[in-house]
Amino acid sequence: MTPPDSPHVAVIGGGICGLAAAHRLARRGTRVTLLESSDQLGGLGTFFAHGDRWLERFYHCIMPSDASLLALLGELGLRDAVRWRETTMGMVVDGRHHPFNSALDLLRFPALRLPDRVRFGVVSLLLRRLGRGRDLDTLRTEDWLRGLYGDVVWERLFAPMFGSKFGPAFGDVPALYLWQRLGRERNVATRGYPDGGYKAIIDALQASITRAGGVVRASTPVERLSSTEGRSVLTLAGGEVLDADQVISTVPLPLLRHLADDALAARLPETELPYQGVVTGVFFLRKPVTEHYWTPVLHSGTEFDGVVSMSALAGADDGRHLVYVMHYTDRGSRLYLDDDAAIAARWSAQLRGLYPELGADGIEEVRVFKAPFVEPVYPLGYLAARPPVTVDGTGVLLATTAHVYPDVTSWNSSVRLANDVVSLVAHQPAVAPAR
Ligand SMILES: Cc1cc2nc3c(=O)[nH]c(=O)nc-3n(C[C@H](O)[C@H](O)[C@H](O)COP(=O)(O)OP(=O)(O)OC[C@H]3O[C@@H](n4cnc5c(N)ncnc54)[C@H](O)[C@@H]3O)c2cc1C
């Protein structure tokens, strides 16, 4: 337990970054209060109920290279609760389905001519090596990939794939992002999913924080934040005021800017990244439509850009096959602002078009979820422009998805960032860590 005179740290945001930071602080004996605006913890990894199961609003999986996340799961006693599976990838181009896993798949891939298939295979094998030692942070993804793979592969495959993730500026994203992503995935088909879903991790973190004397408050949006060195004041919904010695903010910078009083706002980093949001459709199907975990859908007349079959990773749910489809988009776009029921109806028709075997009654239920701030769209040279996690002259530390670059945004990179930021919080050495 923490002594009452221990410095108090407020953590804004109960996604994985805030939960991991609060867990680490509480376990080392720092007085911590975590404040989450929504009535559920977990942020982008949060859940919804389906029958007696909890499922993610947005598809999530763990990679074997997710060292920081796996170490955290070890601390929580959940390391062995991760079920690992070999997964495969498909590709839909012009409405036609292809497996996309082996050299043979590539040689038979009709969406490219034979010379482009061979070039694709050779370059893909060498890509990580070709990037080593190069300043990829200042090289446009389009310039790098067009040069290596040629115009046809860029235009047929990569432009729609990157465009679907990053929007109109996709070609300008630094090549370093792709290089890092390939490093995370390492051409490995093994993916993990925790028993009990991501909710099991979220619950375990909440329990760990409270057991160690920390406070976790959901449904508690921070509405105002002022901060000078040594004293921060948080105004919560309903006018309640909370004092803290330090604050860790995990919310995207555009949101923090709204909360900050004028003095703090003037000290926040000037560079503000554009963010892509996302719309996902979660489909409960009466029959399986694909054995592949991940299938990009290109040039096929759908509004969504890919299909993720969670059943291929986590197994069918009581005979129901769970498929996510997604489109990353700006939070002001027509699609994002469209009515959920209208999206569900259109995307159901489009999914049936892709998989006619679904027939009229193959879709049992559809849920639509949206998130406004998902993928920061990094500009060239962001390694140098990335804002520091400290905000001079204040007690605020920043731990946002815009700070994980060049790592890919993931639970792993958020946990690593949380660890780094917590190490900057003043430590009260006399306090014994709670068990
Ligand atoms: C479609 C999709 C697929 C993904 N797939 C994967 C995957 O397979 N594997 C993986 O590891 N990662 C995946 N991710 C990425 C991962 O979910 C994120 O990188 C990670 O969850 C970011 O966590 P965070 O805590 O930094 O931010 P967030 O999860 O965004 O948490 C921020 C929290 O702050 C809260 N908040 C905002 N304003 C306030 C306020 N004023 N007061 C209090 N609280 C506030 C929000 O409600 C939110 O809970 C995926 C994301 C999406 C959207």
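Above this text you will find the structure in question.
Residues numbered from 1 in each chain as written. Predicted model: local features only at pLDDT ≥ 70, side-chain atom pairs only at ≥ 80, totals over all residues. Heavy atoms only, no water.

Visitor: When you look at the site of the ligand in this model, what are you seeing that I'm missing?
Guide: Neighbouring the ligand are 28 residues; E36, L44, H60, C61 and W411 lie closest to it. I16 has a polar backbone atom sitting 3.2 Å from an oxygen atom of the ligand. In the environment of the ligand, an oxygen atom lies 2.6 Å from a nitrogen or oxygen atom belonging to the side chain of E36. Notes on the ligand: free accessible area 1,000 Å², of which the protein chains cover 89%. When residues of the shell around the ligand are sorted by domain, at least three fall in each of domain 1 (8–83 + 195–272 + 385–422) and domain 3 (274–376). (Near = heavy atom within 4 Å. Polar contact = N/O pair within 3.5 Å; in protein donor to acceptor, adjacent residues only side chain to side chain. Areas by Shrake-Rupley, 256 points an atom, 1.4 Å probe, with all protein chains shown as cover. Domains from an automatic or database assignment.)

Visitor: Please explain helix α15 (residues 411–422) as it appears in this structure.
Guide: Along an α-helix, residues three or four positions apart point the same way, because every turn accommodates 3.6 residues. Counted at 1.5 Å a residue, the expected span for α15 with its twelve residues is 16 Å, and the 16 Å between its end C-alpha atoms agrees. With nine of twelve residues buried, α15 lies mostly within the body of the structure. Taken as a whole, α15 has its buried residues at W411, N412, S413, S414, V415, L417, A418, V421 and V422. Summarising the contacts, the buried residues of α15 are in contact with α1 (16–27), α2 (67–75), α8 (197–211), β13 (246–249) and β19 (396–398). At the N-terminal boundary of α15, the capping side chain belongs to S410, with an oxygen 3.2 Å from the backbone nitrogen of N412. (Helix = DSSP H or I, 4+ residues; strand = E, 2+ residues; numbered from the N terminus. Expected span 1.5 Å × (residues − 1). Buried < 20%, exposed > 50% of the residue type's maximum accessible area, 1.4 Å probe, protein only. Contact = heavy atoms within 4.5 Å.)

Visitor: Explain the nonpolar core to me, please; I cannot follow it from the model alone.
Guide: Note that soluble globular proteins tend to have their nonpolar side chains buried in a common cluster. Of all hydrophobic cores here, the largest spans 103 residues; its most connected members are F120, W144, L145, I248 and M310. The element contributing the most residues to this core is α1, with eight residues. F283, V289, F304 and L351 belong to the second-largest nonpolar core, a separate cluster that totals 21 residues. (Core = buried A, V, L, I, M, F, W, Y, C linked by side-chain atoms within 4.5 Å.)

Visitor: Just to check I follow, could you spell out the side chain of T409 for this structure?
Guide: Here T409 is to be found in the loop between β19 and α15. Among the residues examined, T409 registers a relative accessible area of 17% and is labelled buried. A polar atom in the side chain of T409 sits 3.0 Å from the side chain of E375. Those residues in contact with T409, other than ones at most four positions away along the chain, are V374, E375, P376, Y378, T401 and V404.

Visitor: Just to check I follow, could you spell out unusual backbone geometry for this structure?
Guide: A negative phi angle is the norm for most residues apart from glycine, just as the trans form is the norm for most peptide bonds. The linkage connecting Y405 with the following residue, P406, adopts the cis geometry, with an omega of 10°. Mapped onto the elements of the fold, P406 is located in the loop between β19 and α15. In this structure, S219 takes a positive phi of about 50° despite not being glycine. Mapped onto the elements of the fold, S219 is located in the loop between β9 (215–217) and β10 (222–228). Assessed through its relative accessible area of 47%, S219 is described here as partly exposed. Although it is not a glycine, H299 sits at a positive phi angle of roughly 50°. Turning to its location among the elements, H299 is positioned in the loop between β15 (294–298) and β16 (306–309). Classification of H299 by relative accessible area gives partly exposed; the value is 39%.

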